[in-house]
Amino acid sequence: MFVHMLVLGMALMAAGTASAQAPATGEAKPIKMVVLGDSLSAGFGLPATTAFPERLQKSLQAKGIAVDMTNAGVSGDTSSGGRDRLDWSVPEGTQAVIVELGANDALRGIDPAVTRSALADILTRLKARGIVVLLCGMLAPPNYGSDYSDRFNAIYPDLAKSFAVPLYPFFLDGVATEARLNQADGLHPTAEGVDVIVKKILPSVEALLGARTGQRS
């Protein structure tokens, strides 16, 4: 009897230890997200920890949303450049992408038809891979005239509607024209400016990730 109880006790202890060591089940794996962009999201002129993808990841984590974030921002990149590097910038396994491209197209006065075509190709290829996308809009500077601005500014809402993807209308909302939120060049946000962008875009990103979860359920 004593031996039986001793064996039973040891078995229970072993089971308890195994249970304590076993990893928790049901925990959501981090969502693999890429920010495909230019210097505005890459963090030009800022410490890496204050770049947009890193600050967005921290804000999502604070809300209990685990994200494995990749900063695929390249300073000086155009929409065509983003398209050309899409396959290696957005690796296999990526589940969500924020597309932030077009500012350099506008600054260089690139034909809006070229920008539209490049962004359409990016969206086509990402959707074909089953990746959810948040498209970030950009506005053309006024010095190219109203015709150019009208053609350029229409790209983003048109594509969002055509591809049925959510649109964040203007990536620099609340930051553009605010001198205190921009670096000396007047183009790139400061760390404080990045935080403003993150705060404003966060609800759209949460909705994007919620939609991704819904698709997988």
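It should be noted that the structure appears before, not after, this text.
Residues numbered from 1 in each chain as written. Predicted model: local features only at pLDDT ≥ 70, side-chain atom pairs only at ≥ 80, totals over all residues. Heavy atoms only, no water.

Turning our attention to the pattern of salt bridges. A full pass over the atoms with the stated rule returns 12 salt bridges. We note a salt bridge from Asp121 to Arg125, for which the minimum N-O separation is 3.8 Å. Placement of both Asp121 and Arg125 in helix α7 (residues 112–128) is noted, with a separation of 4 residues, approximately one turn of the helix. For Asp121, a relative accessible area of 29% translates into the label partly exposed. For Arg125, a relative accessible area of 26% puts it in the partly exposed group. Here Glu192 and Arg180 are joined by a salt bridge, their closest N and O atoms 3.0 Å apart. Remark: Arg180 occurs in the loop between β5 (167–168) and α10 (191–216) and Glu192 occurs in helix α10; sequence separation between them is 12 residues. One continuous salt-bridge network, built from bridges that share partners, spans Asp87, Asp121 and Arg125. (Salt bridge = Lys/Arg side-chain N within 4 Å of Asp/Glu carboxyl O. Helix = DSSP H or I, 4+ residues; strand = E, 2+ residues; numbered from the N terminus. Buried < 20%, exposed > 50% of the residue type's maximum accessible area, 1.4 Å probe, protein only.)

One pass over the full model with this rule turns up 4 aromatic pairs. Between the aromatic rings of Phe52 and Phe171, the centroid separation amounts to 5.1 Å while the plane-to-plane angle is 80°, which identifies the pairing as edge-to-face. Linking Phe52 in helix α3 (residues 52–62) with Phe171 in the loop between β5 and α10, this pair joins segments that are 119 residues apart in sequence. Accessibility classification places Phe52 together with Phe171 in one group, the buried group. Judged by centre distance (5.1 Å) and plane angle (45°), the ring pair of Tyr144 and Tyr148 falls under tilted. What makes Tyr148 buried here is its relative accessible area of 9%. These aromatic residues form a ring-pair network of at least three members: Tyr144, Tyr148, Phe152 and Tyr156. (Phe/Tyr/Trp six-rings, centres within 6.5 Å; stacked < 30°, edge-to-face > 60°.)

A word on the side chain of His188. Following the sequence through the fold, His188 ends up in the loop between β5 and α10. Residue His188 is classed as buried on the basis of its relative accessible area, which comes to 11%. Of note is the side chain of His188, whose polar atom sits 2.5 Å from the side chain of Asp185. Discounting chain neighbours no more than four positions away, the residues touching His188 are Ser39, Leu40, Phe44, Asn182 and Gln183. (Polar contact = N/O pair within 3.5 Å; in protein donor to acceptor, adjacent residues only side chain to side chain. Contact = heavy atoms within 4.5 Å.)

Okay, the sheet that holds strand β2 (residues 67–73) next. Strand-to-strand pairing in sheets goes through backbone hydrogen bonds, with the strands running parallel or antiparallel. Ordered by their spatial adjacency, 5 strands build an open sheet running β2-β1-β3-β4-β5, and the pairing between neighbours is parallel. Only two strands of the sheet have a single partner each, and these edge strands are β2 and β5. Here helix α9 (residues 155–163) sits on the sheet and contacts β4 (132–136) and β5; the angle it forms with β4, its principal contact strand, is near 160°. (Pairing = 2+ DSSP bridges. Axes fitted to C-alpha atoms, helices over the stretch in contact; angles between N-to-C directions.)

Note that every value here comes from positions in space, so none of it alone points to a role or purpose.
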